[in-house]
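These are the residues of each chain, in order.
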Amino acid sequence: LKRPHMENINNFLWEEYLHETGSTAAPSSAFALRAPHGFQVNYRLEAVDRRNPVLIRVATVTDTEDYRVKVLFTLVHYDGWSTLFDVWLDSDHPDLHPVGWCQRTGHPLEPPPGQMQTR
């Protein structure tokens, strides 16, 4: 992003700037709104481990906002892990999967620490 070259930034006008720079404003339609997500606190899911992306772990939604979820391990919280590993992710992030995704795709699911994996 290039700052406009102006003596008094308080007099900035988009129309003048676009004309001076030969630029075109992005249309409002380029900023489509997303539909609200359906995540709720305590929903369980399968999430890619941010520190070791070859692993998919059991996770829990611990908080939500308009278009983001906090997963305990990705605010999503990774079950069995400290909340220090929680992160916010967009609700449509490709690292979030529904329960059963690993079983359907054949990818191993990492159980929470201390839990035995069953087959």
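First, a word on what this report is: a plain description of the structure on this page. (Residues numbered from 1 in each chain as written. Predicted model: local features only at pLDDT ≥ 70, side-chain atom pairs only at ≥ 80, totals over all residues. Heavy atoms only, no water.)

### Here's the deal with the overall build of the protein chain
The test is simple: Here a helix means four or more residues in a row that DSSP labels H or I, a strand means two or more in a row labelled E, and each is numbered from the N terminus. Any two residues having at least one pair of non-hydrogen atoms within 4.5 Å are treated as being in contact. Residue exposure ignores everything except the shown protein chains as possible cover, and the areas themselves are Shrake-Rupley values with a 1.4 Å probe.
Within the protein chain, the secondary structure is distributed over two helices and seven strands. Secondary structure elements of the protein chain occur, N-terminal to C-terminal, as α-β-β-β-β-β-β-α-β. Look at the contacts in the protein chain between residues 6 or more apart in sequence, and 39% of them connect residues 24 or more apart. Counting only carbon and sulfur atoms, one obtains 53% of the accessible surface of the protein chain, whose full area is about 8,700 Å².

### Looking at the packing of aromatic side chains
Worth spelling out the cut-off: To pair, rings of Phe, Tyr and Trp, with the six-membered ring standing in for Trp, must have centres within 6.5 Å; the planes then decide the type, stacked if under 30 degrees apart, edge-to-face if over 60, and tilted in the middle. Exposure is judged per residue with a 1.4 Å probe applied to protein chains only, and the accessible area is read against the type maximum: over 50% gives exposed, under 20% gives buried, and values in between give partly exposed.
Applying the stated criterion across every chain, the model contains three aromatic pairs. Relative to tyrosine 17, the ring of tryptophan 14 has its centre 5.9 Å away and its plane inclined at 75°; by these criteria the two rings are edge-to-face. You can see tryptophan 14 and its partner tyrosine 17 sitting in helix 1 (residues 14-21), three residues apart, about one turn around the helix. In this structure tryptophan 14 comes out as exposed when scored by relative accessible area, which is 52%. Among the residues examined, tyrosine 17 registers a relative accessible area of 16% and is labelled buried. Through a chain of ring-to-ring contacts, three or more aromatic side chains come together here, namely Phe12, Trp14 and Tyr17.

### Describing the pattern of salt bridges
Heads up, the condition is: For this analysis, a salt bridge means a side-chain nitrogen from Lys or Arg found within 4 Å of a carboxyl oxygen belonging to Asp or Glu.
Inspection of every chain in the model, using the stated rule, returns one salt bridge. A salt bridge links arginine 57 to aspartate 49; the shortest N-O distance between them is 2.5 Å. On the accessibility criterion, aspartate 49 (8% relative accessible area) is buried.

### Re the pairing of strand 2 (residues 56-64)
To keep things clear, this is the line we draw: Any two strands with at least two DSSP bridges between them are considered paired.
Where strand 1 (residues 44-48) and strand 2 come together, five bridges link them in antiparallel fashion. Of the residues in strand 2, the one forming a bridge with alanine 47 is arginine 57. Summarising the sheet, strand 2 and strand 7 (residues 109-110) pair through two bridges and their orientation is parallel. Within strand 7, the position partnered with isoleucine 56 by the bridge is leucine 109.

### Let's talk about unusual backbone geometry
Unusually for a residue other than glycine, asparagine 42 sits at a positive phi of about 80°. As for its position among the elements, asparagine 42 is in the loop between helix 1 and strand 1.

### Notes on the side chain of histidine 97
Condition: Think of a polar contact as two N or O atoms within 3.5 Å of one another; within protein, one of them needs to be a possible hydrogen donor and the other a possible acceptor, and neighboring residues in sequence only count if both atoms come from side chains.
On the secondary structure map, histidine 97 appears in strand 6 (residues 96-97). Under the relative-accessibility criterion, histidine 97 is labelled buried at 13%. From its side chain, histidine 97 meets the backbone oxygen of proline 94 in a polar contact 3.4 Å long. Sequence-distant contacts of histidine 97, that is, excluding residues within four places in its chain, are made with Leu45, Glu46, Val48 and Ile56.

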